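Chain by chain, the residues:
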Amino acid sequence: MHVNLIKGPITKSLILFSLPMILGNLLQQLYNIADTFIVGWYIGSSALGAVGSSFSVMTFLTSIILGLCMGSGILFSMLYGAKEESKMKTSFYVSFISIALFSIVLEILCLSAIDPILKFIQIPSSVYSMTREYLWIVFIGVFFTFLYNYFSSLLRAIGDSKTPLIFLAISAITNIVLDYVLIVYFYLGIKGAAIATVFAQFLSAVGIMIYVLYFKKDLLPQKKDCYFDKDIFLKIKDYSLLTCIQQSVMNFGILMIQGLVNSFGVVTMAAFGAAVKIDSFAYMPVQDFGNAFSTYIAQNKGAHEDARIKKGLKSALMISTIFCLCISFLVCVFSKELMMIFIKPSEIDIILKGVEYLRIEGICYLGIGALFLLYGYYRGVGKPGISVVLTVISLGTRVTLSYALASYLGTQIIWWSIPIGWFLADITGILYGIKNEKWLN
């Protein structure tokens, strides 16, 4: 299940390594789509709006944990490429304890502050109680999210992206089946969707942890490796904290946009909830490819393979461009049909609002594809701070334009602000790379 990223054909290695990550997140998005479909058809548009808003909150929280785990994974990749096994094991010990404690605190804070969170994102009174009920249960799964993402980052750091896919697939299938059973047969409503989500998270977390404990013991720290190393802690802090900031800033901006969208009423809220999931499903492969590319860059940096880094950039750009052009065509042409997967044909106002969003985003996927590659590159070479800057530019543009102009131009400016932010960040990242990165010259 291991892909050698330091030797062999570059394009083939990138595709083989990234494909399980892409398939894994596509499965996750498939669950999100199935969840949206079941909630929209069997509970109603109000529940759809509640789940859509909850999705934004959970994406933000997950991004914090994911960022911390990804940051540790980058350090693992560098140490693995440099063949420094002892330091890698100590890094595992230090990072696991640190992120686990943080995740526990985060879960407690979320459960304690659920009402302020709902008020911040401006949940309408008509769906407030429903959203609260859903989030209260889903917040319980925060620690399970940490376990799965941490062990996935560890395995991907050594070139194994297939094993996390297996456990994610089991989780996604379980989630979909439980969603249907609990909502349709046990009449648990939105509570059933939340229970299904948490149980599936538990399943994937415990499964991948047991796999590593029993089958990858060589990666685990021994007694001699379990000590606090200040230098390693500072490196973990630099990589993990900045990657966490980048991920959370990105999703905090989305959360702020969700709050603005909610102020336009339940129709816009429901349309946005469905369209965002289609949008996420469409560009998720290039996001995962960017994460895989980050591991490729980190391993080759650790191994001092500068020539492979430069060739990898060209190969990754070609793959990303081809995919983005294809997916842009499909989303723009079939946007109405995609919306009708989740929304009943009779609710035409919701469908048309979602189509408007999808066609604006759909023609601009090249922008987000390039941005994910830039994120991956700068994380991989040990400059996650640049990724943070690019994220701030992208999200800052989105939030500023939306809040400044939405009251005058309506929801269209909210939709257009997203690709405008992508392209401004792309230009900044490319100009910085041309000036400062020898592999981009």
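Residues numbered from 1 in each chain as written. Predicted model: local features only at pLDDT ≥ 70, side-chain atom pairs only at ≥ 80, totals over all residues. Heavy atoms only, no water.

Along its length, the protein chain carries 16 helices and zero strands. Computed over the C-alpha atoms, the radius of gyration of the protein chain is 21 Å, within 12% of the 22 Å expected from 2.2 N^0.38 for a compact globule of 441 residues. Seen through its C-alpha atoms, the protein chain measures out along the principal axes to roughly 60 × 45 × 35 Å. Once local pairs closer than 6 in sequence are excluded, the contacts in the protein chain between residues at least 24 apart make up 82%. Summed over its atoms, the accessible surface of the protein chain is roughly 17800 Å², and 70% of this surface lies on carbon and sulfur atoms. Put simply, the protein chain has 32 plus and 24 minus side-chain charges, and the middle of one group is 7 Å from the middle of the other. (Helix = DSSP H or I, 4+ residues; strand = E, 2+ residues; numbered from the N terminus. Rg over C-alpha atoms; globule rule 2.2 N^0.38 Å. Contact = heavy atoms within 4.5 Å. Areas by Shrake-Rupley, 256 points an atom, 1.4 Å probe, with all protein chains shown as cover. Lys, Arg positive; Asp, Glu negative; His and termini not counted. Charge placed at Lys NZ, Arg CZ, Asp CG, Glu CD.)

Right, let's talk about the nonpolar core for a bit. When a protein is soluble and globular, its nonpolar side chains tend to lie buried together. Ranked by internal contacts, the top residues of the largest apolar core, which has 67 residues, are Leu61, Tyr134, Phe139, Phe146 and Leu154. It is helix α2 (residues 45-81) that provides the largest number of residues to this core, a total of 16 residues. Discounting chain neighbours no more than four positions away, the residues touching Tyr134 are Tyr31, Asp35, Val51, Ser54, Ile190, Ala193, Ala194 and Thr197. Counting 64 residues, the second largest nonpolar core, distinct from the first, contains Leu14, Leu260, Val276 and Ile297. (Core = buried A, V, L, I, M, F, W, Y, C linked by side-chain atoms within 4.5 Å. Buried < 20%, exposed > 50% of the residue type's maximum accessible area, 1.4 Å probe, protein only.)

Okay, the confidence of the model for the protein chain next. Per-residue confidence for the protein chain gives a mean pLDDT of 88, with 98% of residues at or over 70. Averaged pLDDT values over the elements of the protein chain bottom out at 79 in helix α9 (residues 230-262) and peak at 95 in helix α6 (residues 142-157). (pLDDT = per-residue confidence, 0-100.)

What follows deals with helix α12 (residues 335-342). Buried within α12 we find Ser335, Met339 and Phe342. Looking down the long axis of α12, one finds its buried residues gathered within 50 degrees of arc, a one-sided arrangement. (Arc of directions from axis to C-beta.)

Attention now goes to the pattern of salt bridges. Close approach of charged atoms allows side chains with opposite charge to pair. Scanning the model with the defined rule gives seven salt bridges in all. In this structure, Lys191 engages Glu133 in a salt bridge whose closest nitrogen and oxygen atoms are separated by 3.8 Å. Of this pair, Lys191 sits in helix α8 (residues 189-215) while Glu133 sits in helix α5 (residues 128-138); the two residues are 58 residues apart in sequence, bridging distant segments of the chain. Judged by relative accessible area, Lys191 falls into the partly exposed class, the value being 34%. For Glu133, a relative accessible area of 34% puts it in the partly exposed group. For Asp225, the salt bridge identified is with Lys224, shortest N-O distance 3.5 Å. On the accessibility criterion, Asp225 (1% relative accessible area) is buried. (Salt bridge = Lys/Arg side-chain N within 4 Å of Asp/Glu carboxyl O.)

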